[in-house]
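Inside the fold
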Amino acid sequence: MSLISMMDEYVKEYLLFRRFTNTVKAFEAEVKNDRDKRQNCNKIVDQLLAYLYSYDLKNLMDYWKYLDQQYLSHLEKKYMQSVRKLEISLLRLYLVNAVQNNKGDKVVEFFERNAQLLQKQSDWRDWTSLPYLKNPEENATFAVYFTKQWQETFIMSMFNFFNIVLQCKAPVPTLLRLIGTTKIQDLETGLQNVPAGADASPSDLQDDFYVISPKQEPSEQGLISKIKSMAPSIRKSVSDNSTTSTQE
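Predicted model only: the values in this text are computed from it and were never measured.

Criteria and cut-off values
Residues numbered from 1 in each chain as written. Predicted model: local features only at pLDDT ≥ 70, side-chain atom pairs only at ≥ 80, totals over all residues. Heavy atoms only, no water. pLDDT = per-residue confidence, 0-100. Contact = heavy atoms within 4.5 Å. Helix = DSSP H or I, 4+ residues; strand = E, 2+ residues; numbered from the N terminus. Expected span 1.5 Å × (residues − 1). Buried < 20%, exposed > 50% of the residue type's maximum accessible area, 1.4 Å probe, protein only. Axes fitted to C-alpha atoms, helices over the stretch in contact; angles between N-to-C directions. Parallel < 35°, antiparallel > 145°, perpendicular 65-115°, else oblique. Nonpolar A, V, L, I, M, F, W, Y, C, P; charged D, E, K, R; others polar. Salt bridge = Lys/Arg side-chain N within 4 Å of Asp/Glu carboxyl O. Core = buried A, V, L, I, M, F, W, Y, C linked by side-chain atoms within 4.5 Å.

As for the confidence of the model for the chain
Averaged over every residue, the pLDDT of the chain is 74; residues scoring 70 or more account for 65%. A low-confidence stretch, residues 191–206 stays under pLDDT 50, and its non-local contacts, those more than four residues away or across chains, total 12 contacts.

Topic: helix α3 (residues 41–53)
For α3, with 13 residues, the first-to-last C-alpha span of 18 Å sits near the 18 Å given by 1.5 Å per residue. Restricting attention to buried positions, one finds in α3 the residues C41, I44, V45, Q47, L48, L49, A50, L52 and Y53.

Quick word on the packing of helix α5 (residues 80–100) against helix α6 (residues 104–113)
Packing of α5 against α6 brings their axes to within 8 Å, and their N-to-C directions diverge by 150 degrees. The pairing of α5 with α6 is recorded here as roughly antiparallel in orientation. Only K106, V107, E109, F110 and F111 of α6 make contact with α5, whose side of the interface consists of L91, Y94, L95, A98 and V99. In the contact of α5 with α6, the residues fall into eight nonpolar, no polar and two charged.

Comments concerning the pattern of salt bridges
Overall, the coordinates contain seven salt bridges when judged by the stated rule. Here E28 and K12 are joined by a salt bridge, their closest N and O atoms 2.6 Å apart. Note that E28 is positioned in helix α2 (residues 21–32) and K12 in helix α1 (residues 3–17), a separation of 16 residues in sequence. For K12, a relative accessible area of 25% translates into the label partly exposed. Across the pair K148 and E152 runs a salt bridge, and its minimum N-O distance is 3.8 Å. A residue pair is termed a helical-turn pair when its members lie 3 or 4 positions apart in one helix, as K148 and E152 do in helix α8 (residues 148–167) at four residues. Given a relative accessible area of 60%, K148 falls into the exposed group. Accessibility expressed as a relative area gives 15% for E152, which makes it buried. A single salt-bridge network, built from bridges that share partners, covers R84, E87 and D123.

A look at the environment of L86
Relative to the helices and strands, L86 is located in helix α5. By relative accessible area, L86 is classed as buried at 2%. For the pair L86 and S157, spaced 71 residues apart in sequence, the C-alpha to C-alpha distance is 8.1 Å.

Comments concerning the environment of L95
Here L95 lies in helix α5. The exposure class of L95 is buried, given its relative accessible area of 0%. Taking the C-alpha atoms as reference points, L95 and Y55, separated by 40 residues in sequence, lie 9.1 Å from one another. Contact partners of L95, with chain neighbours within four places excluded, come to V107, F110, F111, W124, W127 and L130.

Structural notes on the packing of α3 against helix α4 (residues 57–70)
Relative orientation of the contacting elements α3 and α4 amounts to 155 degrees, with a least axis distance of 8 Å. Between α3 and α4, the angle falls in the class roughly antiparallel. Across from I44, Q47, L48, Y51 and L52 in α3, the residues of α4 making contact are N59, L60, Y63, W64 and L67. Broken down by class, the residue content of the contact of α3 with α4 amounts to eight nonpolar, two polar and no charged.

Overview of the nonpolar core
Formed by 46 residues in total, the largest nonpolar core has its most connected members in L48, L95, F110, W127, M158 and F162. Elements with a contribution of two residues or more to this core: α3, α4, α5, α6 and α8. Among the elements that line this core, the one with the most residues is α5, at 10 residues. Apart from the residues within four sequence positions on either side, L48 is in contact with L60, Y63, W64, L67, L90, M158 and F162.

Here's the deal with unusual backbone geometry
Glycine aside, residues mostly have negative phi angles, and peptide bonds mostly take the trans form. Unusually for a residue other than glycine, R19 sits at a positive phi of about 60 degrees. Relative to the helices and strands, R19 resides in the loop between α1 and α2. Under the relative-accessibility criterion, R19 is labelled exposed at 72%.

Okay, structure coming up:
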């Protein structure tokens, strides 16, 4: 259970103790619709990819806009180029995924929906030809984006980036800080009992955002396994939801 999830449970327990039942209902509703995903970078990336793999362009762009307003726009100016790079790569992955799954209509929809915006951006000049190419994966301009390596590395970059952003967010509330301090002390006590030789080697698969604190850095096997398994699991979830909706 994450620190924020734990805090939510404590707040709910206190409200029930005080018999603030209406407040509990309102609180539960707010938590259920939490677009910040309890500030869990895994769930934020999962949500972005879920929209992407279900070809939900509107919600993908709306959710990115929300994250930008809530977090990204408050970063220092020196990080704005990285934010821009991440957004462009996310949208390019949307297009590549559509092409790879024979969703040409979704590619056309993307350019029609964003025509005026994209015309003003040099990053997209070559991409306007994508809908008209028979085998874009063989084109020198687009080939790299169709590789499994680029797609996995980008997802890792997005994961690492939001991990960093959430670490650099506004100061945490006093209650959350107090609980966090207690949890860290418990972890430090546990670490004293870790046997020698248990350290994980650093990952070979790195990117521009690989600056996670060593205390929070995932092991090599765990991180690579997560990235490789993330996309298929999200695709399956989206497919299952679509099947359920059709049956209904």
